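Survey of secondary and tertiary structure
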Amino acid sequence: MGGVLVWVPAAWAAAGLAGLPGVDVQVVALGRDMGETGARVGTPVVASSAAANPVPASVADVEFYVPSFFPSPAGTAVLADMKRLRVVQTITAGVDWLRPHLPPGVTLCNARGAHDASTAEWVVAAMLSALRGFPAFSAAQAAGEWAYQGTDQLADKTVLIVGYGSIGAAVERRLAGFEVTVRRVARDARDGVAGVADLPALLPEADVVVLLVPYTPETAGLADADFLARLKDGALLVNAARGAVVDTAALVAEVSRGRLRAALDVTDPEPLPPGHPLWSLSGVFLTPHVAASTPVSRQRAAGLVRDQVIAYSRGEPLRNVIGGAY
Ligand SMILES: NC(=O)c1ccc[n+]([C@@H]2O[C@H](COP(=O)([O-])OP(=O)(O)OC[C@H]3O[C@@H](n4cnc5c(N)ncnc54)[C@H](OP(=O)(O)O)[C@@H]3O)[C@@H](O)[C@H]2O)c1
C-alpha cells in the first residue's frame, strides 16, 4: 500500500486496473453489480449480500471511488467517511442517484459513452418488438397457440429522440437502415436539433418517442399528461432514461384507454411492486432496467475506469466530469 487507493465494486473492474504503478485497488461491493452479463435471459440472478458487508477500515484512505452499478444506501452513505476522497467515477451514465450525496470539492465523473451501444441496441430492439407484436407472439408461443395476425412496422415512421446526447446519437446511427424519419430534441436548439421548447409542436408528428434525457429537476415528469395527450393515437413511447421522467399515472391512463403503447426499461418505482398496473397493461412491454447490462457495456466501463485512474494518478485531466446539471 502507499499509492492512490481505488475502491472498485467488482472483480471485473479490479482486473482492468491490474498492474498500474502507484495504484492500490480494493474490491468493495456495497451494492448490486451489473449481474452475470452475457448470461442467457432466464438464468436466475443471485441476490447480492453486499449490503451486509462491513465497510473496510481503509475507507478513510480512499481517493478514487467507483460505486456499484445499482445504487444502494450503503454505497452512498460511505461517502461521508471517505476523508481523502477526490474522485467518484460512476459506471452508470446517469448520476441522479449520487449527486445529492457528493461531498463538496469531490469531482464526479459519469460513464457517458460506455453504455451507448448496449442502450441504443435495446431501444431499437424494444421499438421493433413492440411494433411487430413480439410480446404477444411470445405469450401465444408459451400457450402453444399459432396466433396469426398482421402487425405494425417501423418503416415510414417518424421517430422523435428526446435527449439527443451520446446514446440518442447512437440510436440514430442504428436506425439508419430502417427507412424512418428521425427528429432530435436536446435542451437548447442547435443545427439539426430542436430545443425542448419545440416539443409541443413536434410531439403530434411522432409515431415513436424515445426518452433519453438524464433525470434532473427539469426532466422529472417531462412526459406528463399534457406531453402524452399531444401524441397521436397509437404512438409508442420508449423509455430508456429514468422511470420518473414519465408521469406513470398519466401513462397508465393513456395506455389503459388503448390510445398509446409503451416499451419501458425503466419504471417509477424500481423494482416495480407486485400488482402495479404496468405489469399487466396490454400495450406495455417491460424489461427490468437491463438496457446497459451486457458484456460490451462492462468491458467499456472497465476501460473507462482504467483510463480515468491512469489520468488521475498522473495528474492529467479527467473525462466526463459533471460540471453542470448532469
Ligand atoms: N436504461 C438504462 O440502462 C440506461 C443506460 C444508460 C443511460 N441511461 C439514461 O440515459 C441518460 C442519457 O445518457 P447519455 O449518455 O446519452 O447522456 P448525454 O450524452 O449527457 O445526453 C443527454 C441529452 O439529454 C438532453 N437533455 C438534458 N436535459 C434536457 C431537458 N431538460 N430537456 C430536453 N433534453 C435534455 C441533453 O441536451 P443538451 O445536449 O442540450 O445538453 C443531451 O442531448 C442517462 O442520464 C441515464 O439516465 C439509461
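Before any of the text, the structure's been laid out above.
Along each chain, the written sequence defines residue order, and numbers are assigned to residues from 1. Reporting of local features is limited, given that this is a predicted model, to residues whose pLDDT is at least 70; pairs of side-chain atoms are given and counted only at 80 or more, and all residues count toward the totals for whole chains, interfaces and linings. Water and hydrogen atoms play no part in the side-chain values, which are based on all heavy atoms of the structure.

Quick word on unusual backbone geometry
Most peptide bonds are trans, and most residues other than glycine sit at a negative phi. The peptide bond linking Asp268 to Pro269 adopts the cis configuration, its omega dihedral lying at 5°. Among the structural elements, Pro269 can be located in the loop between strand E11 (261–264) and helix H9 (277–280). Here Glu270 and Pro271 are connected by a cis peptide whose omega angle stands at -15°. A run of H or I in DSSP counts as a helix once it spans at least four residues, and a run of E counts as a strand once it spans at least two, with each numbered from the N terminus. Take Pro271: it is sitting in the loop between E11 and H9. In this structure, Asp156 is a non-glycine residue whose phi angle is positive, near 75°. A relative accessible area of 69% places Asp156 in the exposed class. Although it is not a glycine, Glu179 sits at a positive phi angle of roughly 55°. Here's how the labels work: a residue is buried when its accessible area is under 20% of the maximum for its type, exposed when over 50%, partly exposed in between, all with a 1.4 Å probe on protein chains only.

Examining the site of the ligand
Residues in close proximity to the ligand total 28 residues, the closest being Arg112, Ser166, Ile167, Arg187 and Tyr326. Pairs of N or O atoms are called polar contacts if they sit within 3.5 Å, as long as, within protein, a hydrogen donor faces a hydrogen acceptor (for residues adjacent in sequence, only side-chain-to-side-chain pairs). Within the side chain of Arg242, a nitrogen or oxygen atom sits 3.3 Å from an oxygen atom of the ligand. In short, Shrake-Rupley with a 1.4 Å probe defines the accessible areas, and a residue's cover is counted only from the protein chains shown. Considered on its own, the ligand offers 940 Å² of accessible surface; in the complex 92% of this is hidden by protein. It suffices for a single heavy atom of a residue to lie within 4 Å of a molecule or strand for the residue to be listed as near it.

Notes on the pattern of salt bridges
We define a salt bridge as a contact between a side-chain nitrogen of Lys or Arg and a carboxyl oxygen of Asp or Glu at a distance within 4 Å. According to the stated counting rule, one finds 11 salt bridges in the structure shown. Linking Arg259 and Asp233 is a salt bridge whose minimum nitrogen-to-oxygen distance equals 2.8 Å. Highlighted residues: Arg259 in the loop between helix H8 (248–256) and E11 and Asp233 in the loop between helix H7 (225–230) and strand E10 (236–239), separated in sequence by 26 residues. For Asp233, a relative accessible area of 60% translates into the label exposed. Residues participating in the shared-partner salt-bridge network are Asp233, Glu254, Arg257 and Arg259.

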